Amino acid sequence: MSYKRLLSHLTISHLPGLGDALAKKFNHLGIYTIRDLLLHLPMRYEDRSTSKQIAQLSIGEHTTIEGQIIKTELIQAKRRMLICTVKDETGIIQLRFMNFYPTMKQSMAMGKWIKAYGEVKASKTYYEMIHPQIQIREAAQSFDDSQSERYTPIYATTFGLTQTMLRKFIHLALALLNRNPSAELIPAAFIKALPSVEESLTIVHQPPLDVDITQLELAEHPAKKRLIFEELLAYHLSMQITKSHNQSQQATPCVVTNDYIKPFLQALPFSPTNAQQRVVQEIWQDMAKHIPMMRLVQGDVGSGKTLVAALAALGALENQKQVVLMAPTEILAEQHAINFSHWFEPLGLSVNLLSGKLTAKKKRECYEAVAAGQTDILIGTHAVFVEQVKFAHLGLVIIDEQHRFGVDQRLTLWEKGIKDNIHPHQLIMTATPIPRTLAMTVYADLDVSTIDELPPGRTPITTVVLPNTRRYEVIERIEQACLSGKQVYWVCTLVEESDILAAQAAEVAYEELQALLPTVHVGLIHGKMKPSQKQAVMQNFKQGLIQLLVATTVIEVGVDVPNASLMVIENAERLGLSQLHQLRGRVGRGSEASHCVLMYQTPLSKVTKARLNVMRDSNDGFVIAQKDLEIRGGGEILGTRQVGIADFKVVDLMRDQHLIRLIQSVSIDMLANHPASVISLVNSWLPAKTKYINA
Ligand code: ADP
Ligand code: MG
């Protein structure tokens, strides 16, 4: 009955014409059930009916232009490209194709008319569109604009799955849904005049001709509001359920004895800050209980979370329990392994690194040591998840930079440690700053501690924002910095999230900088290198053998080289503010005054300039997050999912945070008065959470 809501029990194979091969492609997008398909909402809508004049274009918009081809040429740059130059009465635009058929050049001959739809970008001389969708005609005025639907939804997709196919199956799913509507779950007083879930999904996937599309995109349309409300409510309810589930579990109390902690603190070259001490006390108090700790430590980059983790670990180790520390990248795991070995081995504790790239034999040795209880603390990336890792007596799970992991991964690791129904304690650390109201929702199942103080002796980072036309001045400045004994990061960014392309871009910059700065020792690090190579490079950088390190954003999280005091970020406009803040946090770690140069590609839109200026004006992660929100307003479809906090389908926590208070009171009411609806709601929106409900 209620489980059938949103058809969450039916797999997509129930749709006519959707065979196994196609189903696999949908699976790639995380779509398994009809529910998943229905909640695969459009990223945006295209209104292809009206073209814009070239002079009226602005960078970043998706639009249609129409004009006459003045030239189409093949260019042999780093790779072959086809460039088609088009003019209308107001200006010129270039259409750039990287993948093309040989016949395309012919079909785009001079004098023909072309209509192109795509994102407007800036290039050296003209605006351009990369891989636009095109229609070519012999003469003007012959484009066919008769379309049955004015607004075409555009979905995120994967190789081999066209927009047309996606639309077709989503329409089939909608028809199925509308034949099987479900009862309203939310008390009428709370939803007021909002449409039903079925109506809302239909509007979002098949916008009627008269819909206000901007309202729909900005989530101000009642249909969107309804879905947002429900998803946020379901999420909040599931967190409440998870929390009470956790609190009903058993854990082994770990009481501090100071056997390890005392000598550790004595050997430490500095003393913990007040904030670190307070947070560690909160952790130890939790760990001394019979209920498993579920604590999140929030602290800006450089606030010293590693030390907090070490002290928490020692608390468990003093009770003869094992500890596992999971980091999001190999580089970070390796760095933690080095630090922890240095700190813990003198105490007679054994630290092991489980890297995904170890040889089979080394891995087996590691599994054996962990299973035999010889390993006291195991450090690794996702590799620590694998089935072969079995702990003898795991007492504490620590997850570093949790924004990189999903809630589900976190729970999986936690469950690994369950033995005879005894759960390990769990400590989660994050540098992703989020405003307080958001934290109440996102971390509703956790207790939160905040490290609100940086270690002493830091000088704030001075940030400047410069156009890339001043690149050579910046390079000269790097040379001077290196001559005076400083170390420098040069970070290359890319639009596409592709390791390979990012690596190529970094290689090009590396060669250029090496050529321009013959007196400087330049190093290179990127995600395509072998772990052993990366480790060697990081080691050389730490020891000062490399003065200038050219890197991709692989260095974003956690890397700690205090002597590095200058960072240059190329194409900084491509990154989100929280990512820039993380990156910049790699400098400003020593006593040396640090600088960060944010270089941008000209021309830059006003909003983007304003965002970069936020970075220039503040070093505080919480302030930056708040300002980012203000500048972006409610409009931009970039949200917490991108930040990686929670994986919502419709909700953007930044945008929708004003709903949180309301959701809290609805959730109290529903838990008390409508428990069956609660189960049904959570099941239809978050089926993965079902196990906690039934437990
Ligand atoms: P993050 O919170 O970003 O993970 P780290 O744990 O990497 O920060 O710490 C950043 C730097 O600060 C490291 O070099 C660390 O040794 C140093 N540090 C941490 N705590 C203190 C302290 N109490 N006093 C001085 N330096 C500290
Ligand atoms: Mg860290």
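Definitions and cut-offs
Residues numbered from 1 in each chain as written. Chains lettered and ligands numbered in written order. Predicted model: local features only at pLDDT ≥ 70, side-chain atom pairs only at ≥ 80, totals over all residues. Heavy atoms only, no water. UniProt positions renumbered as here; feature names shortened; annotations may be inferred. Pairing = 2+ DSSP bridges. Helix = DSSP H or I, 4+ residues; strand = E, 2+ residues; numbered from the N terminus. Expected span 1.5 Å × (residues − 1). Buried < 20%, exposed > 50% of the residue type's maximum accessible area, 1.4 Å probe, protein only. Arc of directions from axis to C-beta. Phe/Tyr/Trp six-rings, centres within 6.5 Å; stacked < 30°, edge-to-face > 60°. Near = heavy atom within 4 Å. Polar contact = N/O pair within 3.5 Å; in protein donor to acceptor, adjacent residues only side chain to side chain. Areas by Shrake-Rupley, 256 points an atom, 1.4 Å probe, with all protein chains shown as cover. Core = buried A, V, L, I, M, F, W, Y, C linked by side-chain atoms within 4.5 Å. Contact = heavy atoms within 4.5 Å.

- Going by an unreviewed UniProt entry, the protein carries the name ATP-dependent DNA helicase RecG and comes from Orbus hercynius.
- As recorded by UniProt, the Sequence similarities (unreviewed entry) comment attached to the protein reads in full: "Belongs to the helicase family. RecG subfamily."

### Describing the sheet that holds strand 8 (residues 133-137)
Here comes step 1: Taking strand neighbours across the sheet as the criterion, the seven strands line up as 6-7-4-3-2-5-8 in an open arrangement whose pairing is mixed. Of all the strands in the sheet, the pair left with one neighbour each is strand 6 (121-122) and strand 8.
Here comes step 2: The pairing of strand 3 (residues 80-87) with strand 4 (residues 92-97) spans six bridges and is antiparallel. If you follow Lys87 over to strand 4, its bridge partner there is Ile92.

### Points about helix 24 (residues 660-673)
Note: α-helices contain 3.6 residues per turn, so residues at a spacing of three or four share the same orientation.
Here comes step 1: Between its first and last C-alpha, helix 24 extends 20 Å over 14 residues, near the 20 Å set by a 1.5 Å rise per residue.
Here comes step 2: All buried positions along helix 24 are accounted for by Ile660, Ile663, Val666, Ser667 and Met670. The arc enclosing the buried residues of helix 24, seen along the axis, measures out at 115 degrees, which places them on a common side. Within helix 24, the exposed residues directed more than 90 degrees away from the buried face are Arg661, Ile668 and Ala672.

### Considering the packing of aromatic side chains
Here comes step 1: For the coordinates displayed, the defined rule picks out seven aromatic pairs.
Here comes step 2: Seen from their ring centres, Phe264 and Phe344 are 6.1 Å apart, and the 80 degrees between their planes marks the pair as edge-to-face. Remark: Phe344 occurs in helix 12 (residues 330-344) and Phe264 occurs in helix 9 (residues 261-267); sequence separation between them is 80 residues. Like Phe344, Phe264 is buried.

### A few points about the site of ligand 1
Here comes step 1: Neighbouring ligand 1 are 16 residues, the closest being Gly302, Lys305, Thr306, Arg458 and Asp560.
Here comes step 2: Contacts to ligand 1 include Gly302, whose backbone N or O atom sits 2.6 Å from an oxygen atom.
Here comes step 3: Here ligand 1 loses 87% of its free accessible area of 570 Å² to cover by the protein chains.

### Looking at the nonpolar core
For soluble globular proteins, the rule of thumb is that nonpolar side chains tend to be buried together.
Here comes step 1: By size, the foremost hydrophobic cluster in this structure holds 73 residues, and its most contacted members are Phe26, Leu37, Leu201, Leu233 and Trp685.
Here comes step 2: Among all residues touching Leu201, those that are not within four sequence positions of it are Leu6, Leu38, Leu39, Leu41, Leu174, Leu177 and Leu227.
Here comes step 3: Membership of the second largest hydrophobic core comes to 41 residues, among which are Ala275, Val280, Phe344 and Ile377.

### Some details on helix 13 (residues 360-371)
Here comes step 1: With twelve residues, helix 13 should cover 16 Å at 1.5 Å per step; its first-to-last C-alpha distance of 16 Å lies within 8% of that length.
Here comes step 2: Those residues of helix 13 not exposed but buried are Cys366, Tyr367, Ala369 and Val370. With its buried residues spanning 165 degrees around the axis, helix 13 presents them on a single face. In helix 13, those exposed residues whose orientation departs by more than 90 degrees from the buried face are Ala360 and Lys361.
Here comes step 3: As for helix 13, its buried residues are in contact with strand 12 (322-326), strand 13 (351-354) and strand 14 (377-380).
Here comes step 4: Note on helix 13: the residue one or two positions beyond its end, Gly373, has a positive phi of about 80 degrees.

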